[in-house]
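Analysis of the macromolecular model
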Amino acid sequence: MISTKNYDIKDPTLASAGKLRIEWAYREMPVVKLIRQRFSTEKPLKGVRISACLHVTTETANLALTLKEGGADVIVCASNPLSTQDDVAAALVEYGIPANAIKGEDEKTYYKHINTALAHEPQLTVDDGADLVTTLHTKRSDLISNVIGGTEETTTGVIRLRSMEKAGKLRYPLIAVNDAQTKYLFDNRYGTGQSTIDGVTRATNILWAGKKVVVCGYGWCGHGIALRAKGLGSQVIIAEVEPVRALEAVMDGYQVMPLLEAARVGDIFITSTGDKSIIDKAHLQVMKDGAILANSGHFNVEINIPALESLADSKRRVRPFVDEYTLSDGRHLYLLGEGRLINLAAAEGHPASVMDMSFANQALCLEYMVKNSGRLKPKVYSVPEEIDKQVARLKLSSMGINIDSLSPEQKEYLTSWEQGT
Ligand SMILES: NC(=O)c1ccc[n+]([C@@H]2O[C@H](COP(=O)([O-])OP(=O)(O)OC[C@H]3O[C@@H](n4cnc5c(N)ncnc54)[C@H](O)[C@@H]3O)[C@@H](O)[C@H]2O)c1
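Residues numbered from 1 in each chain as written. Predicted model: local features only at pLDDT ≥ 70, side-chain atom pairs only at ≥ 80, totals over all residues. Heavy atoms only, no water.

**Re the packing of helix H5 (residues 107–118) against helix H6 (residues 131–138)**
Where H5 meets H6, the axes come as close as 10 Å, and the angle between the chain directions of the two elements is 70°. By the criterion of interaxial angle, the relationship of H5 to H6 is roughly perpendicular. In contact with Tyr110, Tyr111, Ile114, Asn115, Ala117 and Leu118 of H5, H6 contributes Asp131, Leu132, Thr135 and Leu136. (Axes fitted to C-alpha atoms, helices over the stretch in contact; angles between N-to-C directions. Helix = DSSP H or I, 4+ residues; strand = E, 2+ residues; numbered from the N terminus. Parallel < 35°, antiparallel > 145°, perpendicular 65-115°, else oblique. Contact = heavy atoms within 4.5 Å.)

This is the structure in structure tokens:
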């Protein structure tokens, strides 16, 4: 059983503010609400210990409460040192869910929190970026025999898990929630799009209209960031390495060029690739005075911060989440949120309405794992199609939108080959 002392938060007096915000987010999470109502009667996760390593936000709190309602014994830790909402962490503890998360925690504390979550001896893991799963495999492999399975929330985590599987190191089944259509098409695109712009705006209060915004990576997150920056009147430039995506960006109406060219003209640079050293020393050396650098990819490696430090004579914090680097040639570059995902560092992360779908997938996949306990192999599975479609149907219905369905004649036509012109 969970010890209620099994938590580490910044300030317990923030709990009532956190509860209000969690309630507010819940209004925008009708699909999770339906699942919670069913879970409260069916208790599909009864007695199951879950360790969840997620951004500790209002939406995550609603997922954790839903899993608890389903009978699970849940512990939560942060999946990023700078994304925690301290009031939410405090509220979770009051709700009886131990939270181990403090905004701005150092790396040592971050891993201490992950280790506390693992000491819960999880039967299910919920991860965002795969730090919990890799720590479990490398430092606490003694606990793996308890584990039924787990889920992974983000692109970077899925990439890491697939590498583990390929190397023959993965020891229990995991579902790639990120790869559900009802996740990446909405959360990565519209969620990251809106909240990244929100994070940069809250940190800097810049006017987007007329700015040259360089988006590095035209994946699902990049699509959303570019779309929203364009909508605000920015001139958007895309830097890509993958030819099909670069071509798509061209036909979506953006300028596409190598980053070294874009570096000379951009006012704001936003990375979202899941890769490292995207903005490197060579780019920093040619940027305009006053250029703003932000990252919305999972880890803080997309902007080469050591290179930035090496070029700088001095550094000062000029606003919360804005560090001014003065380079030896006199130029100033502004790094936002210490290079960590800016939407969660300087804003509140994705709006609840989009996390409704991501976390509905999470809850239903965890239920699926329990139902299929022992039948799945140690590999990375896709979200079952029926879950993905169910989430879409429930979301549409919560929006009061009905759609058509295939007639028997159309169904037959679409599965036949004999009929042509
Ligand atoms: N901020 C958030 O809240 C949030 C939400 C979802 C995902 N993410 C993270 O954002 C990152 C991107 O996710 P995604 O779903 O868009 O991934 P994706 O795989 O759809 O897209 C990534 C793109 O980056 C491109 N890329 C890789 N290296 C590059 C380079 N050197 N230069 C230019 N482009 C390069 C790839 O070709 C690809 O098109 C991941 O780390 C993911 O985990 C963050």
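There's more to say after this.
**Comments concerning unusual backbone geometry**
With the exception of glycine, most residues fall at negative phi, and the peptide bonds are largely trans. Positioned with a positive phi, alanine 130 is a non-glycine residue whose angle comes to about 75°. Here alanine 130 lies in the loop between strand E4 (124–127) and H6. In the Ramachandran plot, phenylalanine 321 falls in the positive-phi region, its phi being about 70° despite a non-glycine side chain. With respect to the element layout, phenylalanine 321 can be found in the loop between strand E12 (312–319) and strand E13 (322–327).

**Looking at helix H15 (residues 352–371)**
Helix length check: H15 (20 residues) gives 28 Å between terminal C-alpha atoms against 28 Å at 1.5 Å per residue, within 8%. Burial runs high along H15: 16 of the 20 residues are buried. (Expected span 1.5 Å × (residues − 1). Buried < 20%, exposed > 50% of the residue type's maximum accessible area, 1.4 Å probe, protein only.)

**A word on the site of the ligand**
Around the ligand, 26 residues are found, and the nearest of them are Thr154, Thr155, Thr156, Glu240 and Ser296. Cysteine 221 is positioned such that a nitrogen or oxygen atom in its backbone is 2.9 Å from an oxygen atom of the ligand. In isolation the ligand has 870 Å² of accessible area, and contact with the protein removes 86% of it. Breaking the shell around the ligand down by element, the ones donating at least two residues are helix H7 (155–166), helix H8 (181–204), helix H9 (220–231) and helix H14 (342–345). A class-by-class count of the residues in the shell around the ligand yields 7 nonpolar, 15 polar and 4 charged. (Near = heavy atom within 4 Å. Polar contact = N/O pair within 3.5 Å; in protein donor to acceptor, adjacent residues only side chain to side chain. Areas by Shrake-Rupley, 256 points an atom, 1.4 Å probe, with all protein chains shown as cover. Nonpolar A, V, L, I, M, F, W, Y, C, P; charged D, E, K, R; others polar.)

**Brief notes about the sheet that holds strand E2 (residues 73–78)**
Read from one edge of the open sheet, 7 strands run E3-E2-E1-E4-E5-E6-E15, paired in parallel fashion. Both edges of this open sheet fall to strand E3 (99–100) and strand E15 (380–382), since each of them pairs with a single strand only. Against the sheet, H5 makes contact with strand E1 (49–54), E2 and E3, and its axis sits at roughly 170° relative to E2, the strand it touches most. (Pairing = 2+ DSSP bridges.)

**Overview of the confidence of the model for the protein chain**
Here the protein chain shows a mean pLDDT of 97. Residues at 70 or above account for 99%. Per-residue pLDDT, averaged within each element of the protein chain, yields its smallest value for helix H17 (residues 408–414) (96) and its largest for strand E7 (residues 212–216) (99). (pLDDT = per-residue confidence, 0-100.)

**Quick word on the side chain of glutamate 367**
Here glutamate 367 lies in helix H15. The contacts of glutamate 367, once residues within four sequence positions are left out, are Arg38, Phe39, Glu42, Pro44 and Leu45.

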